[in-house]
Amino acid sequence: MTSSDGSLKRTPLFPVHVRAGAKMVPFGGWEMPVQYTGIIEEHRAVRRAVGLFDISHMGEFEVTGPEALAALQRLTTNDVATLEVGQVQYSLLCYPDGGIVDDLTVYRLAKDRFMLTVNAANVDKDWAWVSEHGGGARWRNLSAETALLAVQGPKAERCVQRLADRDLSGIRYYWFVEGRAAGVPTLISRTGYTGEDGFELYAAAADAERLWSALLEAGAPDGIMPVGLGARDTLRLEMRYALYGNDIDQTTNPLDAGLGWVVKLGKSDFIGRRAIEKVKTEGPKRKLVGFEMVDRAVARHGYRILKDGREAGVVTSGSYGPVVDKFIGVGYVAAHLSQIGSGIDVEVRGTPRGARVVPTPFYPPQVKKG
Amino acid sequence: MANYPADLKYTKEHEWARVEGNRARVGITAYAQEQLGDVVFVELPKVGAKVSQMKPFGVVESVKAVSDLFAPLSGEVMEINAELVKKPELVNQDPYGKGWMLVVAVSSPEEAKALLTAPQYEEYLAKGGH
């Protein structure tokens, strides 16, 4: 997805990244920082201290009105009725055949007002989808006017707290408050995509630079550093969080992908339900598993998974895990090969390289539960 | 800024060769390692293997990318840098020194004429490097 003139889109912080010396790359139609100093260094800084991410390329939709809840119940797989005001929910949009339109988070801002955060590359597709199937409610696409910063790591809370006018210690995982940070009106949510404690801060695009600079300054004593999409990817990989377009897409169903926990078949009808029920009854034919390489080799998206020389699946994500210090990956394998310890091969440049199915996440999550 | 020692010869695929008598030491340039980012894996041929000028002899992988390595000169592999197995980051830290990859017994010394000098390589980079 590119702008109408074919050029890449830029977040409000683009000039800040360029000034900081970031390496800018195309990602989902956007020109984004892939790294500032180095992926491994940035990755480790998040696990050890705190990192600051510009994820303003992500999309935000607001849905309001007496029919908003019913519309979201039809559109998404999780049970929105259980969501309290101030709470966040991970969920999916599915097609009638159970394929995934997108994964997203749903924020309940008020009884009849919700915000959806969707993947950058899917904003136009998702907007068309909710416009077509979200009838009865009022929808607004806030993507262009909304900036989103993530502050992630064990020192994230103390860093954000220095700027926030609300007590952050009481915010539980997947809850949020609306307040100010550095004087900027901000929705502060205890969520993230790294497996570390931390926050995602939504603000007006016009305030993005002010908030970014204030966070870098406030976090300086804790060693905060800006972190690019490269480390964002390796951090989420160590957690085995799904990446849309890699691990999940319109051809994968939630149960194959291990996302059954956000599919609530007991709630009212939703798009994709019948197809997902069928997979549940028959049992998934393939499963998304985490593996580590036994042989020295790097598995990459799209590489074939083999068993005894025969095709048995496909790698959906793979790289070096900078903190687990192993070559790790995620892929779909035939269901009978999905148990922990199962030996598989990954075809790397024509050569089968040994790998083993291992428990995931690869690194224990440090998020603040309860 | 990256530097390009004058005693090396360069390929347009961003490898360097240091001719030492009838042997050549081979690695990748400062520009190459910078473009790749953190190197996490280097796949090299075995000692005794034959490599051919501008044919792939191995692979270097960074966190994000996979790149073929091209031989600057033809010949037999006499040594490989075994330290890169445990410490692939040497390619980033010291591309012309501890990050070397191969020593080749050069079979066709005249092939060196096809390689770029340091000023030619820098000029090539200035034009975009590809």
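Residues numbered from 1 in each chain as written. Chains lettered and ligands numbered in written order. Predicted model: local features only at pLDDT ≥ 70, side-chain atom pairs only at ≥ 80, totals over all residues. Heavy atoms only, no water.

Peer 1: Hey, could you run me through the environment of A:V106 in this one?
Peer 2: Residues and elements named next belong to chain A. Mapped onto the fold, V106 is located in strand β6 (residues 100–110). Residue class for V106 comes out buried when judged on its relative accessible area of 0%. Counting along the chain gives twelve residues from V106 to V118, while the straight-line C-alpha distance between them is 9.1 Å. Sequence-distant contacts of V106, defined by excluding residues within four places in its chain, comprise L72, V80, L83, Q87, V88, Q89, S91, F114, M115 and L116. (Helix = DSSP H or I, 4+ residues; strand = E, 2+ residues; numbered from the N terminus. Buried < 20%, exposed > 50% of the residue type's maximum accessible area, 1.4 Å probe, protein only. Contact = heavy atoms within 4.5 Å.)

Peer 1: For this particular structure, what's the right way to read the domain arrangement of chain A?
Peer 2: How large an interface is tends to be reported as the accessible area lost when its parts come together. Residue and element names in this part refer to chain A. For chain A, the assigned domains read domain 1 (14–59 + 144–238) and domain 2 (285–363). Once you take the C-alpha centre of each, domain 1 and domain 2 turn out to be 31 Å apart. Counting residues at the interface gives nine residues for domain 1, matched by 13 residues for domain 2. Its largest share of buried area at the contact with domain 2, domain 1 owes to R44, L237 and E238, together 61% of the area lost on that side. Taken together, domain 1 and domain 2 are joined by seven residue pairs in polar contact (both at pLDDT 80 or more). (Domains from an automatic or database assignment. Buried area = accessible area lost by both parts, 1.4 Å probe. Polar contact = N/O pair within 3.5 Å; in protein donor to acceptor, adjacent residues only side chain to side chain.)

Peer 1: What am I meant to see in the interface of chain A and chain B here?
Peer 2: Counting residues at the interface gives 20 residues for chain A, matched by 15 residues for chain B. Carbon and sulfur atoms make up 50% of the surface buried where chain A meets chain B, a total of about 1400 Å² over both sides. It is A:R296, A:R300 and A:R349 in chain A that bury the most area against chain B; as a group they hold 42% of the surface buried on that side. Applying the counting criterion to the chain A and chain B interface returns five salt bridges. Taking the shortest distance from any N to any O, the salt bridge between B:E43 and A:R349 comes out at 3.3 Å. (Salt bridge = Lys/Arg side-chain N within 4 Å of Asp/Glu carboxyl O.)

Peer 1: Could you clarify how one ought to interpret helix α3 (residues 68–75) of chain A in this entry?
Peer 2: At 3.6 residues per turn, the α-helix brings residues three or four places apart onto the same side. Residues of α3(A) that are buried include every one of A:A68, A:A71, A:L72, A:Q73 and A:L75, and no others. The secondary structure elements touched by the buried residues of α3(A) are β4 (59–64), β5 (88–94), β6, β7 (113–118), α4 (123–133) and β8 (138–141) of chain A.

Peer 1: Honestly, the nonpolar core in this entry has me stumped. Any pointers?
Peer 2: Side chains of nonpolar character tend, in soluble globular proteins, to be buried together. Residue and element names in this part refer to chain A. Ranked by internal contacts, the top residues of the largest apolar core, which has 69 residues, are L92, Y107, I248, F291, M293 and V346. Examining the composition of this core, we find that five residues originate from one element, strand β17 (residues 326–334), more than from any other. Taken domain by domain, this core gets at least three of its residues from each of domain 1 (14–59 + 144–238) and domain 2 (285–363). Of all hydrophobic cores here, the second largest spans 30 residues; its members include A147, C159, I188 and F199. (Core = buried A, V, L, I, M, F, W, Y, C linked by side-chain atoms within 4.5 Å.)

Peer 1: Can you help me understand the environment of B:V63 in this one?
Peer 2: When you line up the elements, B:V63 lands in the loop between β6 (56–62) and β7 (66–70). When its relative accessible area of 3% is taken as the criterion, B:V63 is described as buried. Spatially, the C-alpha atoms of B:V63 and B:L125 are 23 Å apart, while their sequence positions differ by 62 residues. Non-local contacts of B:V63, meaning those with residues more than four positions away in its chain, are made with A:I39, A:I40, A:T234, A:R300, A:S319, B:D38 and B:V40.

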